[in-house]
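# Geometric and topological summary
Take a look at the letters that make up each chain.
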Amino acid sequence: VSRILIVEDEHNLALGLRANLEVESHEVVVAGDGESALAAVDAFKPELVILDLMLPGIDGYEILERLRSMGVNVPVLILSARAEEIDKVRGFRTGADDYVTKPFGVMELMLRVQALLRRSAVPPSPTRFAFGEVTVDVENRMAWRAGREVVLTPRAFDLLLALIDKIDRPVTRQELLRTVWQYDSSVSTRTVDAHVAELRRKLEVLPGEPKHILTVHRVGYRLRA
Ligand code: CA
């Protein structure tokens, strides 16, 4: 499901397009002129804009120019009766991502829309993390060593996440106390050390000679990838 803005002053054409996009379960807003198009970009935050060029008031080229100069990088597909190469060149130079001429085939347009959305999709942030023989599933709060599940106490798991967050950089005990124990005054830096010991016991091959959960002398700890 994506938010798509159609900027089109031919009412019936806009409605037909909207119906086709809604069948693909996209959320669609139609703007009939330049002013309302710019307002809709601001309010609706579309993930794709289908942009007609010949519009009352501000034309399509100028809408595109304004969006790009404001740093709005939403993919824009120009849909226009202007079929000359010079129009297309101007469209692409202004910052369009695709250009379809009217009359157009609905199937082709839908495929182009899909391709643009796919290209601009933000990749999901990784929820799995691995170091040495250890794999951590951040979202489901699970950990494995050499393929076997390791059960960590909730605090030890939070501590592990805090170390993963700063991977390869030293983290002070104070910082870990703040992040994991949120200034609980009954907790001392020794608590941090005790939980680090738990992590080493469960995750290191040789807990006495850690290869990943390292002590940084006089500072704290560092997780080595
Ligand atoms: Ca038009």
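These figures come from a predicted structure and were not determined experimentally. (Residues numbered from 1 in each chain as written. Predicted model: local features only at pLDDT ≥ 70, side-chain atom pairs only at ≥ 80, totals over all residues. Heavy atoms only, no water.)

## Regarding the sheet that holds strand β5 (residues 98-101)
- Read across the sheet, 5 strands follow the order β2-β1-β3-β4-β5 without closing on themselves; strand pairing throughout is parallel. Among the strands making up the open sheet, the edge pair consists of β2 (27-31) and β5. Across this sheet, the average inter-strand angle for adjacent strands is 20 degrees, counted without regard to direction.
- Across 5 bridges, the pairing between strand β1 (residues 3-7) and β2 is parallel. Bridge pairing in β2 places Arg-3 opposite Glu-27.
- Seen against the sheet, helix α4 (residues 85-94) touches β4 (76-80) and β5 and runs at an angle of roughly 150 degrees to β5.
- Lying on the sheet, helix α5 (residues 106-120) is in contact with β1, β3 (48-51), β4 and β5; it crosses β4 at an angle near 160 degrees. (Pairing = 2+ DSSP bridges. Helix = DSSP H or I, 4+ residues; strand = E, 2+ residues; numbered from the N terminus. Axes fitted to C-alpha atoms, helices over the stretch in contact; angles between N-to-C directions. Contact = heavy atoms within 4.5 Å.)

## Re the coordination of the calcium ion
- Donor atoms from the polypeptide that coordinate the calcium ion comprise Asp-9 (OD), Asp-52 (OD) and Met-54 (O), at 2.1 to 2.4 Å from the metal.
- When the donors of the calcium ion are listed by position in the chain, the intervening gaps give D-x42-D-x1-M. Linking Asp-9 in the loop between β1 and α1 (11-23) with Asp-52 in the loop between β3 and α3 (60-69), this pair joins segments that are 43 residues apart in sequence.
- On the basis of relative accessibility, which here comes to 35%, the residue Asp-9 falls in the partly exposed class. (Donors = N, O, S within 2.8 Å, 3.2 Å for Na, K, Ca; no water. Buried < 20%, exposed > 50% of the residue type's maximum accessible area, 1.4 Å probe, protein only.)

## Regarding the nonpolar core
- Counting residues in hydrophobic clusters, the biggest one holds 26 residues, and the most contacted among them are Leu-152, Leu-160, Leu-163, Leu-176, Val-192, Leu-199 and Leu-203.
- Broken down by secondary-structure element, the contributors of at least two residues to this core are β7 (134-137), α6 (154-165), α7 (173-181), α8 (189-203) and β12 (220-223).
- Residue contributions to this core peak at 7 residues, all from α6.
- Not counting residues up to four positions away in its chain, the partners in contact with Val-192 are Leu-159, Arg-173, Leu-176, Leu-177, Trp-181 and Tyr-221. (Core = buried A, V, L, I, M, F, W, Y, C linked by side-chain atoms within 4.5 Å.)

## Structural notes on the sheet that holds strand β9 (residues 148-150)
- Reading across from one edge, β6-β7-β8-β9 is the order of the 4 strands in this open sheet, with antiparallel pairing throughout. Both edges of this open sheet fall to β6 (128-131) and β9, since each of them pairs with a single strand only. Recorded for the sheet is a direction-independent mean angle of 25 degrees between the axes of neighbouring strands.
- Where β7 lies against strand β8 (residues 142-145), 4 bridges are found, and the strand directions are antiparallel. Paired with Val-136 across the strands is Ala-143, a residue of β8.

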